[in-house]
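Inside the fold
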Amino acid sequence: MKSFRHRRPSLPALALLIAVAGCSSSDDSAATAVPSPDTEVTELCQNLDKALPREVAGVERRDPEPRSALTAGWGNPAIILRCGVVRPPRMTDPDVAQGRDPDAVAGGVNGVDWLQEDVGDGAFRFTTANRRAYVEVTVPGGRDGAAVLVDLAAAVKKAIPEGIAD
C-alpha cells in the first residue's frame, strides 16, 4: 500500500497562486448609487453624459458601477459625478448663503454655481446651483477640486440650462 505524503508547494508555485488569486476576481471600478429623477431631468442628464470630457483633472474617465447615463467617474480613487440628485438640504440653509457654515460654501466656477460641502478625509462634494438639474460631484481627498470643476463647467453649461431644479 502506498502512502501519500503532503508536499509543501514550492515558493514559485505559491507566489503564482497568490498572484492569480489576487488578480482573478478583483474589480477596481468605483460603485455609486444611481439617482432616479423625473423624465425631464433624466433627459438633461443624458445630454450631460454625452457632453462630459474624457479627462478631468488629468485623469481618464472610468465610469462607476452600475453603468448609467446618470453617473460618471474619473480616476482611482474616483471622482464621481451623479446627475439628477435631490437638492441638498444645505442649499437652502441661510447660514450657507451668508457664509456662516464652515463646512458648506457657495461659489461659482466658470459660469457654474456650486455648493461645496466638506465630507471628511479631505474629500468634498460639490452640487450645482441655479440649474434645471442638480449635478453632484464628489472629489476624493488629494485631488484638486478646482481643476475638476473647471474641467466640468463647459459640459454643465452646455447640457443643463440655468433655472431652478425643483
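Before going into details, it helps to say that this report is about the structure given with it. Per-chain numbering applies: the sequence of each chain, read as written, is numbered from 1 onward. Only residues with pLDDT of at least 70 are given local features in this predicted model, and only at 80 or more are side-chain atom pairs given and counted; all residues enter the totals for whole chains, interfaces and linings. Hydrogen atoms and water are omitted, and side-chain values are computed over all heavy atoms in the structure.

**Let's talk about the layout of surface pockets**
So the rule is basically this: Here a cavity means grid points, on a 1 Å grid over the protein atoms only, where a 1.4 Å probe fits yet cannot get out; a pocket means an open set of points with protein on both sides within 12 Å along at least five of seven lines; lining residues are those with an atom within 4 Å of a point. Grid points are joined across faces, edges and corners, and a volume is the space filled by probe spheres set on the points. Classification used: nonpolar for Ala, Val, Leu, Ile, Met, Phe, Trp, Tyr, Cys and Pro, charged for Asp, Glu, Lys and Arg, polar for all others including Gly.
Considered as a void within the structure, the largest pocket measures approximately 160 Å³ in volume. In terms of lining residues, the largest pocket is bounded by 13 residues, among which D38, V41, V85, A165 and D166 are the most central. A per-class count over the lining of the largest pocket returns seven nonpolar, one polar and five charged.

**Regarding the environment of V150**
Using the following cut-off: Going along the chain from the N terminus, every DSSP run of H or I of four or more residues is numbered as a helix, and every run of E of two or more is numbered as a strand. In what follows, a contact means two residues having at least one pair of non-hydrogen atoms within 4.5 Å.
For V150, the location among the structural elements is in helix α4 (residues 145-159). With near-sequence residues (within four places) excluded, V150 lies in contact with V109 and N110.

**Description of the state of the cysteines**
Filter applied, for reference: Sulfur atoms of two cysteines make up a disulfide when they are within 2.5 Å. In this scheme, a residue with accessible area under 20% of its type's maximum is buried, one over 50% is exposed, and one in between is partly exposed, where area comes from a 1.4 Å probe on protein chains only.
Per the stated rule, a full pass over the model turns up one disulfide. Covalently, C45 is tied to C83 through a disulfide, its sulfur atoms 2.1 Å apart. When the S-S torsion is -75 degrees, as for the bridge of C45 with C83, the disulfide is left-handed. Here the residue C45 occupies a position in helix α2 (residues 39-51), and C83 occupies one in strand β4 (residues 79-83), the gap between them amounting to 38 residues. By the burial criterion, C45 is buried, and C83 matches it.

**Regarding the pairing of strand β6 (residues 112-120)**
Sheet faces and side chains relate simply in a regular strand, where the side chains alternate between the two faces. Stated precisely, the cut-off is as follows: In short, DSSP must find at least two bridges between two strands for them to pair.
Pairing of strand β5 (residues 104-109) with β6, which is carried by six bridges, proceeds in the antiparallel orientation. Residue pairing in the sheet places G107 in a bridge with W114 of β6. Counting the residues in the hairpin turn of β5 and β6 gives two residues, including N110, whose phi is positive at 50 degrees. One ladder, built from seven bridges, connects β6 with strand β7 (residues 123-129); its direction is antiparallel. Within the sheet, the bridge partner assigned to E117 lies in β7 and is R125. Following β6, the chain reverses through two residues before pairing antiparallel with β7; D121 in that reversal takes a positive phi of roughly 55 degrees.

**Things to note about the nonpolar core**
Most often, soluble globular proteins have nonpolar side chains that are buried together. Definition in use: To qualify as a nonpolar core, a set must consist of buried Ala, Val, Leu, Ile, Met, Phe, Trp, Tyr and Cys residues joined through side-chain atoms within 4.5 Å.
Counting residues in hydrophobic clusters, the biggest one holds 29 residues, and the most contacted among them are L48, W74, L81, V137 and I160. Broken down by secondary-structure element, the contributors of at least two residues to this core are α2, β3 (71-74), β4, β6, β8 (135-139) and α4. Residue contacts for I160: discarding those within four places in its chain leaves L44, C45, L48, C83, R131, R132, A133 and V135.

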